[in-house]
Amino acid sequence: MNPLQLDKRLDTTEQVVEEIMRLHRSLPPRPGLDEVEAATSLIQNVEKEDQAWREAIASQRKPSDVPGELFAILQEMKKGLVQFKSKEQIREAVKLLDLETVHSLFDDFIQRASDCISSSNGSAPPSRPPRVPTTPPSSLYLNEKTPARPKEMVSRDDSFVSKAKPSLYDDGFVAPRAPQVVDSTLTAGKFAGGNDGDKLSLIKLASLIEVSSKKATKELNLQNKLSEQVEWLPDSIGKLSTLTSLDLSENHIVVLPNTIGGLSSLTNLDLRSNRITHLPESIGELINLVSLNLSGNQLSSLPSSFSRLLQLEDLNLSCNNLPVLPESIGSLASLKKLDVETNDIEEIPYSIGGCSSLTELRADYNKLKALPEAIGKITTLEILSVRYNNIRQLPTTMSSLSSLKELDVSFNELESVPESLCFATALVKLNVGNNFADMVSLPRSIGNLEMLEELDISNNQIRVLPESFRMLTKLRVFRAQENPLQVPPREVAEKGPQAVVQYLNDLVEQRNAKSLVVKPKKSWVQMCFFSKSNKKKQSNMEIV
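What counts and what doesn't
Residues numbered from 1 in each chain as written. Predicted model: local features only at pLDDT ≥ 70, side-chain atom pairs only at ≥ 80, totals over all residues. Heavy atoms only, no water. 1 Å grid on protein atoms, 1.4 Å probe; cavity = no way out; pocket = protein on both sides within 12 Å on 5 of 7 lines; lining within 4 Å. Points joined across faces, edges and corners; volume = space filled by probe spheres on them. Helix = DSSP H or I, 4+ residues; strand = E, 2+ residues; numbered from the N terminus. Nonpolar A, V, L, I, M, F, W, Y, C, P; charged D, E, K, R; others polar. Polar contact = N/O pair within 3.5 Å; in protein donor to acceptor, adjacent residues only side chain to side chain. Contact = heavy atoms within 4.5 Å. Phe/Tyr/Trp six-rings, centres within 6.5 Å; stacked < 30°, edge-to-face > 60°. Buried < 20%, exposed > 50% of the residue type's maximum accessible area, 1.4 Å probe, protein only. Salt bridge = Lys/Arg side-chain N within 4 Å of Asp/Glu carboxyl O.

Naming follows an unreviewed UniProt entry, where the protein chain appears as Disease resistance R13L4/SHOC-2-like LRR domain-containing protein of Brassica rapa subsp. trilocularis.

**What to know about the layout of surface pockets**
Computed from the structure, the largest pocket encloses a volume of approximately 700 Å³. Taken together, 25 residues line the largest pocket, and the ones lying closest to its centre are E49, W53, Q89, W232 and V255. Listed by contribution, the elements that provide at least two residues to the lining of the largest pocket are α2 (33-58) and α3 (68-120). When residues of the lining of the largest pocket are assigned to their parent elements, the largest contribution, seven residues, is made by α2. Counted by class, the lining of the largest pocket contains 13 nonpolar, six polar and six charged residues.

**Regarding the side chain of D408**
For D408, the position within the fold is in strand β14 (residues 406-408). For D408, the side chain forms a polar contact with the side chain of S410, separated by 2.7 Å. The residues contacting D408, other than those within four sequence positions of it, are L384, S385, V386, R387 and N431.

**Let's talk about the packing of aromatic side chains**
Tallying each qualifying case throughout the model produces five aromatic pairs. Arranged with centres 4.5 Å apart and planes meeting at 10 degrees, the rings of Y365 and Y388 form a pair that is stacked. Pair noted here: Y365 is in the loop between β12 (360-362) and β13 (383-385) and Y388 is in the loop between β13 and β14, with a separation of 23 residues, a long-range link. The exposure class of Y365 is partly exposed, given its relative accessible area of 37%. Connected via pairs of aromatic rings, a cluster forms that spans Y365, Y388, F411 and F436.

**Digging into the pattern of salt bridges**
Here the idea is simple: oppositely charged side chains can pair when their charged atoms come close. Here the structure, examined in full by the defined rule, presents 15 salt bridges. It is possible to trace a salt-bridge network through shared partners that takes in R30, E100 and D107.

**So, unusual backbone geometry**
Backbone geometry follows two general trends: most residues other than glycine have a negative phi, and most peptide bonds adopt the trans configuration. P488 follows V487 through a cis peptide bond whose omega is 0 degrees. Mapping P488 onto the fold places it in the loop between β17 (477-479) and α6 (490-493). Of note in this structure, A216 is not a glycine but carries a positive phi near 55 degrees. Positionally, A216 belongs in the loop between α5 (202-214) and β6 (219-221). With relative accessibility at 39%, the residue A216 sits in the partly exposed group. Despite not being glycine, N459 shows a phi value in the positive range, around 60 degrees. Looking at the element boundaries, N459 is found in the loop between β16 (454-456) and β17. Using a relative accessible area of 33% as the deciding quantity, one classes N459 as partly exposed.

In structure tokens, the structure reads:
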């Protein structure tokens, strides 16, 4: 339906007043102060980002073998794409500011209409020229000034109130309009349009940040709440200085702003399953951070400022593109859990020994060739998992891991298990299966691991279990398939771990029993042999 209705008959003052009010009511709801601030800030941020990209493109050097005109075309296309994306990002913010401008203009018209009605009942008010928007709604684009914040909007605590303005009623009299209160207890669902399943656009995210800042919000959960077009966070994120927990997981964020360092109270930051390629140095300013999840991104390096996260206890860097861990990792003395699995890491730095509180280290699916000797310094370590690497031997310092309960070095290239590992007597689970270097034996003193409950030696070349195996009386799970076992026989191994333990016990007892009987006979045989040998030597001497 056309809201203008140009063919409508307007014969009386009352009809004109009614039409004025109808047109006023036809406008969408007026945006709140927080949304106006967010939109203005967002456009400014996009302008800065746009300028930075343009400068970066302009600074690119032309390769010597590429024609100048061809390279210039490439640069212009890049600039065009940047401009297009920038306009896409601010489209909603421009629309919101357009709406605010029209509301301000209509408010002025309503006031003038009220003055007209008042003049018909008394003295005429002084005439005043109509107010025209300083920035036409259709001209709000990059590098142009945005409308100033309406003066009639004020903030009281964390509620947003518009000053009472005169309005026209059907009877033509002027009466104050009730203040418009915008609910400040907005959730991500409300900002997205009322349904929790909807996604936040960049402008709605910026608005939510403004509201959260004014309310001194402590927890903000935006897991899978941002639209696909939101690839970066507004700089205003730094205003959330009271925030203690921020969940931005499962979105499409590519980069974090430097202002992220302003979240000085943050203890829990979840950024998993995004597309972040690098972290700003300001991440090191989050000195109260206890838990940081960066798994499932595209990180290829970590900033040096990581060493300042001295309160960090849980760090998840899994499923990234990290080729190395920085030496600064050893500065995290409070770190308890470190997960770096599924990267391209070839070496764990010796400084890992500085992580004196570490209880869990997971480095599966990497390119490790060895573990550093410094691993033995982490006496608090309880879980060590390095599956699917290229490790050929374990460090001898493993004997110092007095708290180690779980060790998984399966799918590596282990040639043997060192005897020193058997001094880690707290071990409950040990997996050395599926190694590709034809491991042929277990350490002779494996029986020292009396707390062992699970043992996996599958798919190796082990033929004989050591005698001390019979000491593993707590063993409940024993996987030995795909080994050419002879002692114990395969059929015994298939009966379970306790059957193996009992078999070896019986075997040792039988051997000991036989040795008590056989040993004197052997001594006697040896005596006879030596006696005959001596006589032969003596006869030979006589012949000589």
